[in-house]
Amino acid sequence: MIEVTYEGLEAGIAAAKPGNTTGDIGAAIRAVAEGERMSVVRDFVGHGVGRLFHDEPNILHFGVPGTGVPLKPGMIFTIEPMINLGRPHVKILSDGWTAVTRDRTLSSQAEHSIGITETGCEIFTLSPGGLFNPLAARAA
């Protein structure tokens, strides 16, 4: 599940380029998750990073291709899909912070902050040692 979540994150990043939309990012993530019979949480989204930390645009991780905000150079936002083994529904516990799946299945989340460039995107949160990537760790 962790590997599928990371693959979804990578697919979303690959779709993050000028001329595409926020919906293209979400559709790429959803295709990876659903292709492995998993689901994408709808209650949490990626977000723009600007004057406010959780700024516009919202990045839905289950989008429809060609919909949403057009991507343009200079935009900075997070992509942070949460993938569940079961259904996509979550709830927040009484502490107001902890999220759990409603059906008690496992869940995984991965995140990067990126900026749209003239030709694609730049990832700002890469580990210099590649420590975040579970696919590379397994190959080593």
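Every residue gets a number counted from 1 within its own chain, in the order that chain's sequence is written. Given that the model is predicted, a residue must reach a pLDDT of at least 70 before its local features are reported, and side-chain atom pairs must reach 80 or more before they are shown or counted; all residues, however, enter totals for whole chains, interfaces and linings. Hydrogen atoms and water are omitted, and side-chain values are computed over all heavy atoms in the structure.

S.K.: Is there a simple way to think about the overall build of the protein chain in this case?
M.R.: By definition, any uninterrupted DSSP run of H or I lasting at least four residues is a helix, any uninterrupted run of E lasting at least two residues is a strand, and each is numbered from the N terminus. Within the protein chain, the secondary structure is distributed over 3 helices and 10 strands. The order of helices and strands in the protein chain, counted from the N terminus, is α-α-β-β-β-β-β-β-β-β-β-β-α. Taken over C-alpha atoms, the radius of gyration comes to 15 Å for the protein chain, in line with the 14 Å a tight globule of 140 residues would show. For the protein chain, the spread of C-alpha atoms along the principal axes amounts to about 40 × 35 × 30 Å. A separation threshold of at least 6 residues defines the contact pool for the protein chain, and within that pool the share at least 24 residues apart is 65%. The protein chain carries 11 positive and 15 negative side-chain charges, and their two centres are separated by 8 Å. Our radius of gyration is a C-alpha quantity, and the globule rule it is checked against amounts to 2.2 Å times the number of residues to the power 0.38. Whether two residues are in contact is decided by their heavy atoms, any of which lying within 4.5 Å being enough. In this tally, Asp and Glu contribute negative charge and Lys and Arg positive charge; neither His nor the terminal groups of the chain are included. Charged groups are reduced to one reference atom each: NZ for lysine, CZ for arginine, CG for aspartic acid, CD for glutamic acid.

S.K.: What is the right way to read helix 1 (residues 2–14) from this model?
M.R.: Residues that lie three or four places apart on an α-helix share one face, since the helix turns once every 3.6 residues. Expected helix span is computed as 1.5 Å times (number of residues minus one). For helix 1, with 13 residues, the first-to-last C-alpha span of 18 Å sits near the 18 Å given by 1.5 Å per residue. Every buried residue of helix 1 is accounted for by V4, T5, Y6, G8, L9, G12 and I13. Whether a residue is buried, partly exposed or exposed follows from its accessible area with a 1.4 Å probe, protein chains only, as a fraction of its type maximum: under 20%, in between, or over 50%, in that order.

S.K.: Any chance you could explain the nonpolar core here in plain terms?
M.R.: Most often, soluble globular proteins have nonpolar side chains that are buried together. Within the largest apolar cluster, 20 residues are counted, with the highest numbers of intra-cluster contacts made by A16, I25, L71, F77, I79, I114 and I116. At the level of secondary structure, the elements contributing two or more residues to this core comprise helix 1, helix 2 (22–35), strand 4 (76–79) and strand 9 (112–116). Examining the composition of this core, we find that 4 residues originate from one element, helix 1, more than from any other. Setting aside anything within four residues of it in sequence, one finds L71 in contact with A15, A16, K17, P18, G19, N20, T21, T22, I25, F77 and I116. We define a nonpolar core as any set of buried Ala, Val, Leu, Ile, Met, Phe, Trp, Tyr and Cys residues linked to one another through side-chain atoms lying within 4.5 Å.

S.K.: Where do I start with the packing of helix 1 against helix 2 in this structure?
M.R.: To characterise two packed helices, one gives the angle between the axes of the helices and the distance between these axes. At a closest axis distance of 8 Å, the pairing of helix 1 and helix 2 adopts a crossing angle of 155 degrees. Taken together, the axis directions place helix 1 and helix 2 in an arrangement best described as roughly antiparallel. The two elements helix 1 and helix 2 cross, and the hand of that crossing is right-handed. Contact residues: V4, E7, G8, A11 and G12 in helix 1; I25, A28, I29, V32 and A33 in helix 2. Of the residues that constitute the contact of helix 1 with helix 2, the class distribution is 7 nonpolar, 2 polar and 1 charged. Angles shown run from 0 to 180 degrees and are taken between the N-to-C directions of axes, each axis being a line fitted to C-alpha atoms and, for helices, limited to the stretch in contact. An angle counts as roughly parallel when it lies under 35 degrees, as roughly antiparallel when it exceeds 145, as roughly perpendicular when it falls between 65 and 115, and as oblique in every other case. Take the far helix as the reference: if the near one is turned anticlockwise from it by less than a right angle, the crossing is left-handed, and if turned clockwise, right-handed. Under this grouping Gly is polar, as are all residues other than the nonpolar Ala, Val, Leu, Ile, Met, Phe, Trp, Tyr, Cys and Pro and the charged Asp, Glu, Lys and Arg.

S.K.: Hey, could you run me through the pattern of salt bridges in this one?
M.R.: Two side chains of opposite charge can pair, provided their charged atoms sit close to one another. Salt bridges are defined by distance alone: a side-chain nitrogen of Lys or Arg within 4 Å of a carboxyl oxygen of Asp or Glu. This structure, assessed with the given rule, holds 1 salt bridge. Taking the shortest distance from any N to any O, the salt bridge between E34 and R30 comes out at 3.7 Å. Taken together, the residues span about one helical turn, with E34 and R30 both in helix 2 at a distance of 4 residues. For E34, a relative accessible area of 40% puts it in the partly exposed group. Residue classification places R30 among the partly exposed residues on the basis of a relative accessible area of 24%.

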